[in-house]
Amino acid sequence: MPSPKAKTPGRSGGSPVFGSSNGRYDFMSLTKPLNRSPPPHLLQRQGSDPTTARLRASESPTRRRGSSSSTGSASGQGLSEEDGIRLNPSFVRVALSSLLAIDLWLSKRLGVCACEDSSWGSVRPLMKLIEISGHGIPWLAGTAYCLYKSDSAAGQEVMLNLLMGLLLDLVLVTIVKAVVRRRRPAHNRMDMFATFSVDRYSFPSGHATRAAMCGRFLLAHLVLAAPLRVLVLLWAGLVGLSRVMLGRHNVTDVMFGFWMGYCQYNLVEMLWLSPQTLQGLLGQLV
């Protein structure tokens, strides 16, 4: 009985596609990988053509898979960032825009004494009198006069620190106004008492800062009677209200001015000067 190997001598060299050396077609084992390489003459032709080699390399399954995944991830990342920007607008920007709109609307509604023909135009002279009571020049002149006329060391100490607080208020308000540069309301009339170049700006209200700082100073060091303390609080509130009713400031200018003046008093207390300390400083300078 003949051997099976003798009947299939070209088994090892055959393939499912190409015939063996003896002209017979063989089938390879299922456990062996298929040899799908092209014929030698095609490989030689492709190797000699660099353009074809580059095209084949770019069209390889690995490169296609990598490029598609990278493109997909990049596009997905771009879409996610774009969707995040579209769906999550800046909360701070929206809040500030809404606050500004409410501030302008409310300030215009409350500016009832902006001119003589306004709804409360008859109260304008009284509001201007309150405006002058919170101006810096009367306060500086009055404090300097009281410091000069004071006979007691305690009185001189109080007036000296009040003068220092007024000067500090002028410096800080000027700096903030020069930095922010917010224009005054459109319905304002520039007929204020003793204005300077920086007074064309609105934020913050210098009258409000001065009223808050001087009000706290008076309540802490000078005014002890309860009725007078109520009058000091009422005066400070009327000064801030007059700024809005006269159209000089917006509501936020006055509110920030009150907060700024409140903090300025804390700074004055931290930098409190006694007559002995002032004499020592003057002695070092001289």
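Before reading further, recall that the structure is shown in the block above.
First, a word on scope: everything that follows refers to the structure included in this document. (Residues numbered from 1 in each chain as written. Predicted model: local features only at pLDDT ≥ 70, side-chain atom pairs only at ≥ 80, totals over all residues. Heavy atoms only, no water.)

1. Things to note about the packing of aromatic side chains
Then, in step 1: This model, assessed by the stated rule, comprises five aromatic pairs.
Then, in step 2: For the pair Trp139 and Trp235, a centre-to-centre distance of 5.7 Å together with 45° between the ring planes defines the contact as tilted. One end of the pair, Trp139, is in helix 7 (residues 136-149); the other, Trp235, is in helix 10 (residues 226-245), and 96 residues separate them in sequence. In this structure, Trp139 and Trp235 share a single accessibility class: buried.
Then, in step 3: Clustering of aromatic rings is evident, with ring pairs tying together Phe203, Phe256 and Trp259.
Then, in step 4: In this structure, Arg216 is placed above the aromatic ring of Tyr262, and the distance from its NZ or CZ to the ring centre is 3.9 Å. (Phe/Tyr/Trp six-rings, centres within 6.5 Å; stacked < 30°, edge-to-face > 60°. Helix = DSSP H or I, 4+ residues; strand = E, 2+ residues; numbered from the N terminus. Buried < 20%, exposed > 50% of the residue type's maximum accessible area, 1.4 Å probe, protein only. Lys NZ or Arg CZ within 6 Å of the ring centre and 35° of its normal.)

2. Topic: the packing of helix 7 against helix 8 (residues 153-180)
Then, in step 1: Axis separation between helix 7 and helix 8 bottoms out at 9 Å; the angle between their running directions is 155°. Here helix 7 lies roughly antiparallel to helix 8, going by the angle between them. Helix-helix and strand crossings are classified by hand; for helix 7 and helix 8 the assignment is left-handed. Along the contact surface, helix 7 presents Trp139, Leu140, Thr143, Cys146 and Leu147, while helix 8 presents Gln156, Met159, Leu160, Leu162, Leu163, Leu166, Leu167 and Leu170.
Then, in step 2: A per-class count over the contact of helix 7 with helix 8 returns eleven nonpolar, two polar and no charged. (Axes fitted to C-alpha atoms, helices over the stretch in contact; angles between N-to-C directions. Parallel < 35°, antiparallel > 145°, perpendicular 65-115°, else oblique. Left-handed = near helix turned anticlockwise from the far one by under 90°. Contact = heavy atoms within 4.5 Å. Nonpolar A, V, L, I, M, F, W, Y, C, P; charged D, E, K, R; others polar.)

3. Examining the pattern of salt bridges
Side chains that differ in charge, positive against negative, can pair when their charged atoms come close.
Then, in step 1: Taken as a whole and assessed by the stated rule, the structure comprises five salt bridges.
Then, in step 2: Of the charged contacts in the structure, one is a salt bridge between Asp103 and Arg182, with a shortest N-O distance of 2.8 Å. Separated by 79 residues along the polypeptide, Asp103 in helix 5 (residues 91-110) and Arg182 in the loop between helix 8 and helix 9 (206-221) bring together distant segments of the chain.
Then, in step 3: Put simply, Arg248 and Glu131 hold a salt bridge, and the shortest N to O gap is 2.9 Å. Here Arg248, found in the loop between helix 10 and helix 11 (251-270), pairs with Glu131, found in helix 6 (residues 124-133); they are 117 residues apart in sequence, far enough to count as distant. (Salt bridge = Lys/Arg side-chain N within 4 Å of Asp/Glu carboxyl O.)

4. A word on the environment of Asn266
Then, in step 1: Relative to the helices and strands, Asn266 is located in helix 11.
Then, in step 2: The class of Asn266 is partly exposed, set by a relative accessible area of 33%.

5. Regarding the packing of helix 9 against helix 10
Helix-helix packing is characterised by the crossing angle of the two axes and by the distance between the axes.
Then, in step 1: Taken N-terminus to C-terminus, the directions of helix 9 and helix 10 make an angle of 175°; their axes are 9 Å apart at the nearest point. Between helix 9 and helix 10, the angle falls in the class roughly antiparallel. Packed against helix 9, whose contacting residues are His207, Ala211, Gly215 and Leu219, the element helix 10 presents Arg229, Val232, Leu233, Trp235, Ala236, Val239 and Arg243 at the interface.

6. As for the environment of Val112
Then, in step 1: Here Val112 is to be found in the loop between helix 5 and helix 6.
Then, in step 2: The class for Val112 is buried, based on a relative accessible area of 17%.
Then, in step 3: A sequence separation of twelve residues divides Val112 from Arg124, and the C-alpha atoms of the two residues are 8.8 Å apart.
Then, in step 4: Those residues in contact with Val112, other than ones at most four positions away along the chain, are Ser118, Ser119, Trp120, Gly121 and Met245.

7. Things to note about unusual backbone geometry
Then, in step 1: In this structure, the amide linkage connecting Phe203 to the following residue, Pro204, adopts the cis form with an omega of -5°.
Then, in step 2: Its location among the elements puts Pro204 in the loop between helix 8 and helix 9.
Then, in step 3: The backbone of Arg181 sits at a positive phi, close to 60°, despite the residue not being glycine.
Then, in step 4: By the element assignment, Arg181 lies in the loop between helix 8 and helix 9.

8. A word on the side chain of Arg124
Then, in step 1: Of note, Arg124 is situated in helix 6.
Then, in step 2: For Arg124, the residues in contact, after removing those within four places along its chain, are Cys113, Ala114, Cys115, Glu116, Arg189, Asp191, Leu246 and Arg248.

Everything listed here is a matter of coordinates, which is why it stays silent on function.
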